[in-house]
Amino acid sequence: MIAEKIKRLIDAAAKEIGIEAPDAFLEHPEVFSHGDYSSNIALAHAKALGKSPRTIAEDLKNEIEKNLIPEIEKVEVAGAGFLNFYLSREFFSDSIKEISNDENFGKGEMLAGRLALFEYTDANPFKAFHIGHLMSNAIGESLSRLASFQGADVKRLCYGGDVGLHVAKTIWGMQKARVAFPEDGDDLTDKIKFLGDAYVAGSAAYEDDADSQAEIKVINKKVFEKSNPEIQIYYDKGRKWAIQHFEEIYQKLHTKFDKLIFESEVSDLGLEIVNNNIGNIFEKSEGAIIFKGEDHGLHTRVFISSQGLPLYEAKDLGLFFLKAKEFPSHDLSIVVTASEQNDYFRVLHRVFAMLDPKLASKFMHVCHGLLRFASGKMSSRKGNIITGESLIEDVKDVALSKINKDNINESEKPKIAEAVAIAAIKYSILRQSPGKDIIFDEEKSLSFEGDSGPYLQYALVRSLSLLEKAKGKFVSDFGDVRCPQDEPVFEIEKLLYRFPEIAARAWAEKAPQLVIEYLTHLASSFNGFYASGQIVSDADDSPYKVAITKAFSNVMKQGLSLLAIPVLAKM
């Protein structure tokens, strides 16, 4: 990267003027007229050298100019003592040549040879796919793609709760409504509706009726023990339907999990680990087994109930070690959940560290906030929550109403509308840093005017249309296309070469929003480039403008892929 070359120049110049162990920091000035890179190294070392920052900056500038490389047009001292670097027309022409011919431009090697596990979404069979699952999926999928983009071998995992009270409540409801039980050949939509109604009925009964609550608790124990054939039939069918339904949603969200792990697989392991560590990590308390977090500056958690059943804590402990068994060579294990579980995971991480410090050092928890609606309106069977899939369908319906172009077949419109809806939702989630709450505005999220997923999709569609128009007029290989030397550098050229830096930083900081910000700026710049003059024409600079368009399409495709936002050929 050019940034590394500039850093080496600065470090070499710094040593010449007496700065020991320099470590140049570079950033892009907010205003393009202030250069392409800027360094504050003179300000950082002014006190140690006993000179003014501007004097140091001038000395550095003189040293750098002795070894100036072709990629740099000039170096200036600005403000209190900043060094501003202006890249040359030759650099930008070479960049466009490289980017326009490389559809994989931007990939890095930060994680080459490393195995990274990502656990996210974690939808529970027998329960609805709610908005929290949608947020976890968007963030987890993007992070996994950022890691893969840096060379990691990525494994995507989804952990679902297929045992517990929610299962017992649903099975109780299924039993009470057995006359309406779906046939095997019925549509999956009907099966999922039956499960949803059963869960609502079971939840209400558990809260309102003591006898029903007692029945559900018995079912819960029998599910865990697998001791009742009739209950097992209800369980197996409901679990199968739910998993099939989730797979449909994952396809819409462009997620393919490498492994599904369920609570039923880790319960016994978690139980065993806790029981084997009573006295040194865990202790008995009123019949239950707890981890006394107060002794570690945390809070106490119950791992095994007084009935001898493993709770979430014990199951997560089993999951932690099951991952290590399934993927013994993994270097990193990231879990994405709601921020309300932050304190919970602090306790778990402490327990992990006490059991296996080396394994615990590979673990990281990334959180997401809540999703709220700008209108304040929320809906569901109980009137207080909206499911993830219903949000997708609602946004899809609005998107469909906006698609009215004559050149799009009626059969294509639903698919395009769904892709636009996914883009709108994911952009809204990922534009904020993980952990922050999201305000979802349906109308703004579907805007084609900027700061939205569809805006990015539309900018790419526009570029692909131009490239189609240029076919036959210009060669598809842009290796020999050069910009006329007297042509000023377009703003978009000053953005395209930065993509590898953005992708690397987004991974390092676990910050998909950096990709969102960059792509939005890039799309805006491309639209300005598009409006500034005809791109496909007989003019001498047209081949170079088409090369810029191809470079833009390559970067935008890669960027949208990092966000798992669908790419469209038309919209």
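Up top is the structure these notes are about.
A. Representation of the sheet that holds strand β8 (residues 283-285) in the model. Here we have three strands laid out as an open sheet, ordered β8-β9-β10, and antiparallel in their pairing. Each edge of the sheet is formed by a strand with only one pairing partner; in this case those strands are β8 and β10 (301-304). Across this sheet, the average inter-strand angle for adjacent strands is 50°, counted without regard to direction. Relative to β10, helix α10 (residues 263-276) is tilted by about 110°, and along the sheet it contacts β9 (288-291) and β10.

B. Highlighting the packing of helix α1 (residues 2-16) against helix α3 (residues 53-66). Where α1 meets α3, the axes come as close as 9 Å, and the angle between the chain directions of the two elements is 120°. Seen from above, α1 lies across α3 with right-handed handedness. Each of Leu 9, Ile 10, Ala 13, Ala 14 and Glu 16 in α1 lies in contact with α3, whose residues at this interface are Leu 60, Glu 63 and Ile 64. When its residues are assigned to classes, the contact of α1 with α3 shows six nonpolar, no polar and two charged.

C. Representation of the environment of Lys 494 in the model. By the secondary structure assignment, Lys 494 is in helix α18 (residues 493-496). Once the C-alpha coordinates of Lys 494 and Phe 32 are considered, the two residues, 462 residues apart in sequence, prove to be 8.0 Å apart. The residues contacting Lys 494, other than those within four sequence positions of it, are Phe 32, Asp 36, Phe 92 and Val 489.

D. The arrangement of unusual backbone geometry in detail. Within the chain, Glu 286 stands out as a residue other than glycine whose phi angle is a positive 55°. Along the chain, Glu 286 turns up in the loop between β8 and β9. Taking relative accessible area as the criterion, Glu 286 reaches 79% and is therefore assigned exposed. Positioned with a positive phi, Ala 564 is a non-glycine residue whose angle comes to about 60°. Locating Ala 564 in the fold gives a position in the segment after α21 (542-562). We classify Ala 564 as buried; its relative accessible area is 1%.

E. A look at the packing of aromatic side chains. Counted by the stated rule, this structure contains 29 aromatic pairs. For the ring pair Phe 91 and Tyr 497, a centre distance of 5.2 Å and an interplane angle of 90° mean the geometry is edge-to-face. Of this pair, Phe 91 sits in helix α4 (residues 89-100) while Tyr 497 sits in the loop between α18 and α19 (499-508), and the two are 406 residues apart along the sequence. Tyr 497 sits in the buried class, given a relative accessible area of 6%. An aromatic cluster of at least three residues, connected via ring pairs, comprises Phe 320, Phe 321, Tyr 344, Phe 345, Phe 352 and Phe 363. Across the ring face of Tyr 206, the terminal group of Lys 169 is positioned such that the distance to the ring centre comes to 4.8 Å. Geometry around Trp 507 places Lys 510 over its ring, the cationic atom sitting 4.0 Å from the centre.

Rules and cut-offs
- Residues numbered from 1 in each chain as written.
- Predicted model: local features only at pLDDT ≥ 70, side-chain atom pairs only at ≥ 80, totals over all residues.
- Heavy atoms only, no water.
- Pairing = 2+ DSSP bridges.
- Helix = DSSP H or I, 4+ residues; strand = E, 2+ residues; numbered from the N terminus.
- Axes fitted to C-alpha atoms, helices over the stretch in contact; angles between N-to-C directions.
- Contact = heavy atoms within 4.5 Å.
- Left-handed = near helix turned anticlockwise from the far one by under 90°.
- Nonpolar A, V, L, I, M, F, W, Y, C, P; charged D, E, K, R; others polar.
- Buried < 20%, exposed > 50% of the residue type's maximum accessible area, 1.4 Å probe, protein only.
- Phe/Tyr/Trp six-rings, centres within 6.5 Å; stacked < 30°, edge-to-face > 60°.
- Lys NZ or Arg CZ within 6 Å of the ring centre and 35° of its normal.

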